[in-house]
Amino acid sequence: MSGLLVTGTSSDAGKSLLVTGILRAWARRGVRVAPFKAQNMSNNSMVCADGSEIGRAQYLQAEAAGVEATSLHNPVLLKPGSDRRAFVVVRGRPAGELRAGEYATGRAHLREAAFAAYEELAASVDVVVCEGAGSPAEINLRAGDYVNLGLARQFGLPALLVADIDRGGALAATYGTWALLDNADRAVLRAWCVNKFRGDRSVLDPGLDTIVERTGMPCVGVLPWLDDVWLDGEDALSIGRWKPAAPQKHSLTVAVVRLPRTSNATDVDALAAEPGVEVRVTTDPSWCREADLLVLPGSRATVSDLAWLRSRGLDAVVDERVREGRPVLGICGGYEMLLESIDDSLESGEGVTPGLGHLPGVVHFAADKVLARPHSTWQGNAVSGYEIHHGIVEGVVDDGSFPGGGVRGPVWGTIWHGTLENDAFRQAWLTVVAQQAGSTWSPQPGPGFADRRTAMIDTLADAVEQHLDLDRLLDLARRESHEH
């Protein structure tokens with residue numbers, strides 16, 4: 001077994017992006033590689049071809065590696081339903097709940113499932129590139145850890161520590177991470193690098209040299225800030241980082257409501273990539289009122305997020321838009337909110353809750369989760385998506401008016417995720433939305449969403465090749481794993 005653990009000084013240090021770039025770079029060299037994340041805590045997930053559910057980031061990493069994504073690549077997925085409860089997915093299937101008090105002590109069975117998956121995966125490839133979670137210096141959780149240094153120690157993996165210099169304090173975070181670990185864990189940290197650097201490298205070098213001297217860890221590179229790379233994130237820190245597009249003559253503005261438990265926020269990435277479309281993730285009622293299109297995204301706690309929506313007065317904003325004939329889109333949980341009622345004794349235990357009532361139908365929550373990858377057409381355009389939900393919509397006739405849902409006046413809804421990644425469908429639908437909103441926006445020629453994503457993966461790989469000592473890391477991965 002050969003492998004490398006990429007861990008970070010904090011969440012959002014760039015672990016997911018770095019793993020994606022390393023995988024593509026090594027795959028280009030003919031190395032058989034695969035991604036692995038023992039445990040992911042994220043509400044951004046994807047359905048694999050085999051019907052299993054995994055973290056969205058690992059699905060994308062499998063694409064970068066040139067392999068078919070399966071539950072082996074992310075055997076444990078925790079989906080937060082509240083601050084003290086997470087829904088558990090093991091090997092792609094629902095597996096109960098995990099309470100906050102159980103996080104440090106109640107995960108032994110999850111550890112076993114993760115280690116078994118790693119062994120199976122490692123036997124099929126040359127190198128497994130593993131992604132850690134959060135920080136390896138969360139010493140309060142070290143005893144039960146199986147995704148950071150617990151994984152590395154189990155399988156003899158060298159670890160690369162990534163520091164995010166954009167947020168400041170990267171050198172202190174690097175040294176502090178090393179200093180907090182015991183000697184056995186320190187020995188696992190075999191290299192470190194700086195991520196998201198802007199400026200003159202020579203100004204940074206004295207600080208790098210000091211960290212190397214004090215820790216003995218070699219610095220294997222300084223990766224630059226990559227302005228146009230926004231690949232699928234996995235935690236809440238990634239939501240809403242799209243910058244407003246440069247002003248264009250015929251722009252279409254989109255407000256995406258930032259729900260407390262937003263799920264699959266990546267649904268609107270394709271909108272943000274569309275020329276002439278400005279996307280803003282917000283809780284500001286004025287922006288939600290004034291945008292050409294308002295999006296209610298997916299939610300991992302539909303009833304709770306609907307109550308929050310009402311507490312902020314955003315239900316009145318939706319009502320106002322509907323009266324004025326201005327477009328609203330609901331996706332999965334957002335679609336459920338737009339229906340007549342929600343019967344939920346599973347997630348919230350609230351029973352029947354009135355919906356916003358702008359689309360026909362009712363939804364009840366069932367114990368069995370729907371995991372599917374459906375296909376359809378809309379106005380002659382092929383549409384594919386994926387379904388991840390407990391809510392079953394009833395009282396709706398599938399008349400083809402909108403894939404996975406329906407439409408009433410300016411209100412659109414779908415239970416499917418991922419539909420907006422279909423280029424022809426997205427542009428055809430946005431053309432209708434622009435007409436409803438009174439906007440002169442129209443599609444502009446350019447690369448499709450999938451092509452842009454592929455180009456970004458290649459941009460990452462190019463940066464990794466140029467700025468990281470991949471030969472040294474590959475040698476570490478092969479030699480130290482074999483010695484173990």
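Structure: above.
Read on for a plain summary of the structure. (Residues numbered from 1 in each chain as written. Predicted model: local features only at pLDDT ≥ 70, side-chain atom pairs only at ≥ 80, totals over all residues. Heavy atoms only, no water.)

At 3.6 residues per turn, the α-helix brings residues three or four places apart onto the same side. Across its 15 residues, helix 7 (residues 201-215) extends 21 Å between first and last C-alpha, which sits within 8% of the 21 Å expected from 1.5 Å per residue. For helix 7, the set of buried residues is Leu 204, Gly 207, Leu 208, Ile 211 and Thr 215. Along its buried surface, helix 7 packs onto helix 5 (170-180), strand 11 (189-197) and strand 12 (219-224). (Helix = DSSP H or I, 4+ residues; strand = E, 2+ residues; numbered from the N terminus. Expected span 1.5 Å × (residues − 1). Buried < 20%, exposed > 50% of the residue type's maximum accessible area, 1.4 Å probe, protein only. Contact = heavy atoms within 4.5 Å.)

Across four bridges, strand 25 (residues 405-408) lies against strand 26 (residues 411-414) in antiparallel orientation. If you follow Val 407 over to strand 26, its bridge partner there is Trp 412. Remark: two residues form the turn of the hairpin made by strand 25 and strand 26, two consecutive strands paired antiparallel; Gly 409 in that turn has positive phi of roughly 60°. (Pairing = 2+ DSSP bridges.)

Now for the sheet that holds strand 18 (residues 328-331). Ordered by their spatial adjacency, six strands build an open sheet running 15-13-16-18-26-25, and the pairing between neighbours is mixed. The open sheet has two edge strands, strand 15 (277-282) and strand 25, and neither has a second partner. The sheet shows a mean angle of 15° between the axes of neighbouring strands, taken without regard to direction. As defined by bridge partners, strand 18 adjoins strand 26 across four bridges and the pair is classed as parallel. (Axes fitted to C-alpha atoms, helices over the stretch in contact; angles between N-to-C directions.)

Our focus in this paragraph is helix 2 (residues 56-65). The buried count for helix 2 comes to nine of ten residues, which makes it a mostly enclosed element. Residues Arg 56, Ala 57, Gln 58, Tyr 59, Leu 60, Gln 61, Ala 62, Ala 64 and Ala 65 constitute the buried set of helix 2. Downstream of helix 2 by one or two residues, Gly 66 has phi in the positive range, about 80°.

A few words on the packing of helix 1 (residues 15-28) against helix 2. At their nearest, the axes of helix 1 and helix 2 sit 8 Å apart, and the two run at 20° to each other. Considering the angle they form, helix 1 stands roughly parallel to helix 2. Our pair here, helix 1 against helix 2, has a crossing hand that is right-handed. For the pair helix 1 and helix 2, the contacting residues are Ser 16, Val 19, Thr 20, Leu 23, Arg 24 and Ala 27 in the first and Ala 57, Gln 61, Glu 63, Ala 64 and Ala 65 in the second. The residue inventory of the contact of helix 1 with helix 2, partitioned by class, reads six nonpolar, three polar and two charged. (Parallel < 35°, antiparallel > 145°, perpendicular 65-115°, else oblique. Left-handed = near helix turned anticlockwise from the far one by under 90°. Nonpolar A, V, L, I, M, F, W, Y, C, P; charged D, E, K, R; others polar.)

What follows deals with the packing of aromatic side chains. As enumerated under the stated definition, the model contains eleven aromatic pairs in all. Taking the centre distance of 6.3 Å and the plane angle of 90° together, the rings of Trp 378 and Phe 402 count as edge-to-face. You can see Trp 378 sitting in strand 22 (residues 375-378) and its partner Phe 402 sitting in the loop between strand 24 (387-394) and strand 25, a full 24 residues away along the chain. Comparing Trp 378 with Phe 402, the two get one shared label, buried. Each residue in the set Trp 378, Phe 402, Trp 412, Phe 425 and Trp 429 is aromatic and connected to the rest through ring pairs, giving one cluster. Here Arg 186 stacks its cationic end above the ring of Trp 178, 4.0 Å away from the centre of that ring. Seen from the ring of Phe 87, Arg 300 lies directly overhead, with NZ or CZ sitting 3.8 Å from the centre. (Phe/Tyr/Trp six-rings, centres within 6.5 Å; stacked < 30°, edge-to-face > 60°. Lys NZ or Arg CZ within 6 Å of the ring centre and 35° of its normal.)

Here the focus is unusual backbone geometry. Positioned with a positive phi, Cys 332 is a non-glycine residue whose angle comes to about 50°. In this structure Cys 332 comes out as buried when scored by relative accessible area, which is 6%. Phi is positive for Gln 379, which is not a glycine, with a value near 50°. By secondary structure assignment, the location of Gln 379 is in the loop between strand 22 and strand 23 (381-384).

Our focus in this paragraph is the nonpolar core. Among the nonpolar cores identified, the biggest contains 56 residues, and Val 257, Leu 309, Leu 329 and Trp 429 are the most heavily contacted of them. The residues touching Leu 329, leaving out its near neighbours within four places in the chain, are Leu 293, Leu 294, Val 295, Leu 296, Leu 338, Phe 402, Trp 412, Gly 413, Leu 420 and Trp 429. In terms of nonpolar packing, the next biggest core, distinct from the first, is built from 44 residues, Leu 5, Ala 117, Leu 121 and Ala 122 among them. (Core = buried A, V, L, I, M, F, W, Y, C linked by side-chain atoms within 4.5 Å.)

Considering the arrangement of structural elements, one finds Asp 305 in helix 10 (residues 302-311). Sequence separation of Asp 305 and Arg 111 is 194 residues, and the distance between their C-alpha atoms is 31 Å. Not counting residues within four places of it along the chain, the set of residues in contact with Asp 305 comprises Leu 259, Pro 260, Arg 261, Thr 262, Ser 299 and Met 337.

Right, let's get into the sheet that holds strand 7 (residues 85-90). Within the open sheet, the four strands sit side by side as 3-6-7-8. Their pairing is mixed. Strands with a single pairing partner mark the edges of an open sheet, and in this sheet they are strand 3 (39-41) and strand 8 (93-99). Pairwise comparison of adjacent strand axes, ignoring direction, gives a mean angle of 25° for this sheet. The pairing of strand 7 with strand 8 spans five bridges and is antiparallel. Paired with Phe 87 across the bridge in strand 8 is Glu 97.

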